[in-house]
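For reference, the chains in residue letters:
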Amino acid sequence: MKFLKKIPPIALFSALLLVLFLLHVAVLSPIIFKLNSDVAYEESYLPFALETILQLVYLAVYVVTFSFIARSVMRESAKKSLKFLFAFGGLTLLRYALNIFCSYMFEGGIPSSSDRILSDATDGLLQAAFDIFQAVFCFVVTMWLVSNSKKRYEAALKWAKKHGDESRAEQYNNMKWTSVFGLSNPVQLSLFLSACLIALTKVGSRMIYDISLSEMGVAPTAADIPLMIAYYSGDIIFGLLIYLGSLTFIWLSEEKTKI
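Residues numbered from 1 in each chain as written. Predicted model: local features only at pLDDT ≥ 70, side-chain atom pairs only at ≥ 80, totals over all residues. Heavy atoms only, no water.

*Asks:* Tell me about the overall build of the chain, and name the residues and values.
*Replies:* For the chain, the count of helices and strands is 6 helices and 0 strands. For the chain, restricting intrachain contacts to residue pairs at least 6 apart in sequence, the fraction spanning at least 24 positions comes to 73%. Accessible surface, the chain: about 15700 Å² in total, of which carbon and sulfur atoms supply 69%. (Helix = DSSP H or I, 4+ residues; strand = E, 2+ residues; numbered from the N terminus. Contact = heavy atoms within 4.5 Å. Areas by Shrake-Rupley, 256 points an atom, 1.4 Å probe, with all protein chains shown as cover.)

Listed below in structure tokens is the structure:
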């Protein structure tokens, strides 16, 4: 895997996202749509299996995005890390444009209704904007936490040098990796908060959907409660996996650089 070290991080980041986006838009989504429309697969586990793979692709997108952004802020600077935000924003817009185009091709061609195209474009832009907001959230939180942590440590180190005991400043060095949930580390805390944002978004969306069903007269029964609990728990676990995946990604990259 030595050749990976020769690839600029921004190029690797863009390539990984592009592969994941194409896998989502051009491969998995069309197949899942076709299977769900075919009664022959109504009792099959194949649609569920492919939907699970699609969720793993979503998970991988968040892991790649958060880990590259957080590591860049930690290793370089906020200004130099902006290139990851721009790359993510551009690829995200491309992702939703391709998603709309592929759905049209699957349906038989571009619709003649300009209202339909405008509606789809508006929905795509809104979804893209929210995805970009999630990346911006990770960037801003990481930048703020890392900057404050470094300033405190530098101030403590300056004081310690003045008094001839530099070791006393180490208690203010929060950049060290401690435990899996060592949230005193600003990078770990930023990853945790970013993952919480995703989990809360998924839980909130599911709650809105369940409430809308209740208002339509489709109230959940006692038999539905275990399934609802499983879904909500799955959303929380999804966020936890994003945090653990991002943390592992950064930890492995740090080990490779021997830092």
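Further notes follow.
*Asks:* Give a detailed account of the pattern of salt bridges, specifying residues and quantitative values.
*Replies:* Inspection of every chain in the model, using the stated rule, returns 4 salt bridges. The salt bridge involving Asp131 is made with Arg95; its shortest N-O contact spans 3.5 Å. Residue Asp131 is found in helix α4 (residues 114-162), and its partner Arg95 is found in helix α3 (residues 78-107); the two are separated by 36 residues along the sequence. The burial state of Asp131 is the same as that of Arg95; both residues are buried. Arg206 serves as the salt-bridge partner of Asp235, at 2.7 Å between the closest nitrogen and oxygen. Of this pair, Asp235 sits in helix α6 (residues 225-256) while Arg206 is found in helix α5 (residues 186-215), placing the two residues 29 residues apart along the sequence. We classify Arg206 as partly exposed; its relative accessible area is 25%. (Salt bridge = Lys/Arg side-chain N within 4 Å of Asp/Glu carboxyl O. Buried < 20%, exposed > 50% of the residue type's maximum accessible area, 1.4 Å probe, protein only.)

*Asks:* Lay out helix α1 (residues 9-36) in plain terms, naming residues and giving numbers.
*Replies:* For α1, built from 28 residues, the straight-helix expectation of 40 Å at 1.5 Å per residue is met to within 8% by its first-to-last C-alpha distance of 38 Å. Along α1, the sharpest kink reaches roughly 35°, centred on Leu28 and followed within four residues by the proline Pro30. Inspection of α1 places Phe13, Leu17, Leu20, Phe21, His24, Val25, Leu28, Pro30, Ile32 and Leu35 among the buried residues, and these make up the whole buried set. On its buried face, α1 sits against α2 (46-75) and α3. (Expected span 1.5 Å × (residues − 1). Bend = angle between axes of the 7 residues up to and from the residue.)

*Asks:* Which residues make up the packing of α2 against α3, and what values go with them?
*Replies:* Here α2 crosses α3 at 160°, and the two axes come no closer than 7 Å. Considered as vectors, α2 and α3 are oriented roughly antiparallel to each other. The chirality of how α2 crosses α3 is left-handed. Residues Tyr58, Thr65, Phe68, Ile69, Ser72 and Val73 of α2 form the contact with α3, whose participating residues are Lys80, Ser81, Phe84, Leu85, Phe88 and Arg95. Its residues assigned to classes, the contact of α2 with α3 shows 7 nonpolar, 3 polar and 2 charged. (Axes fitted to C-alpha atoms, helices over the stretch in contact; angles between N-to-C directions. Parallel < 35°, antiparallel > 145°, perpendicular 65-115°, else oblique. Left-handed = near helix turned anticlockwise from the far one by under 90°. Nonpolar A, V, L, I, M, F, W, Y, C, P; charged D, E, K, R; others polar.)

*Asks:* Give a detailed account of the nonpolar core, specifying residues and quantitative values.
*Replies:* Grouped together as the largest cluster of nonpolar side chains are 38 residues, with contacts concentrated most on Phe13, Leu17, Phe66, Ile69, Val187, Leu191 and Ile242. Contributions of two or more residues to this core are made by α1, α2, α3, α4, α5 and α6. No other element matches the 13 residues that α2 contributes to this core. Leaving out residues up to four positions away in the same chain, Leu191 has contacts with Phe66, Ser67, Ala70, Tyr243, Ser246, Leu247 and Ile250. (Core = buried A, V, L, I, M, F, W, Y, C linked by side-chain atoms within 4.5 Å.)

*Asks:* Tell me about the packing of α1 against α3, and please be specific about residues and values.
*Replies:* Contact geometry of α1 with α3 gives a least axis separation of 10 Å together with a crossing angle of 20°. Judged by the angle between their axes, α1 and α3 are roughly parallel. Pair α1 / α3 crosses with right-handed handedness.

*Asks:* Explain the packing of aromatic side chains to me, using residue names and the numbers behind them.
*Replies:* Within this structure, the stated rule accounts for 10 aromatic pairs. Centroid distance Phe192 to Tyr243: 5.7 Å. Interplanar angle 90°. Geometry classified as edge-to-face. Of this pair, Phe192 sits in helix α5 while Tyr243 sits in helix α6, and the two are 51 residues apart along the sequence. The structure contains a cluster of three or more aromatic residues connected by ring pairs, namely Phe13, Phe68, Phe84 and Phe249. Lys202 extends its terminal NZ or CZ atom over the ring of Phe238, reaching a point 4.7 Å from the ring centre. (Phe/Tyr/Trp six-rings, centres within 6.5 Å; stacked < 30°, edge-to-face > 60°. Lys NZ or Arg CZ within 6 Å of the ring centre and 35° of its normal.)

*Asks:* An account of a nonpolar patch on the surface is requested, with residue identities and associated values reported.
*Replies:* Taken together, the side chains of Phe101, Met105, Ile110 and Ile117 make up a nonpolar region of the molecular surface, amounting to roughly 370 Å² of accessible area. Relative to the helices and strands, Ile117 is located in helix α4. The exposure class assigned to Ile117 is partly exposed, which follows from its relative accessible area of 34%. (Patch = residues over 30% accessible without salt bridge, like charges linked within 9 Å, V, L, I, M, F, W, Y side chains within 5 Å.)

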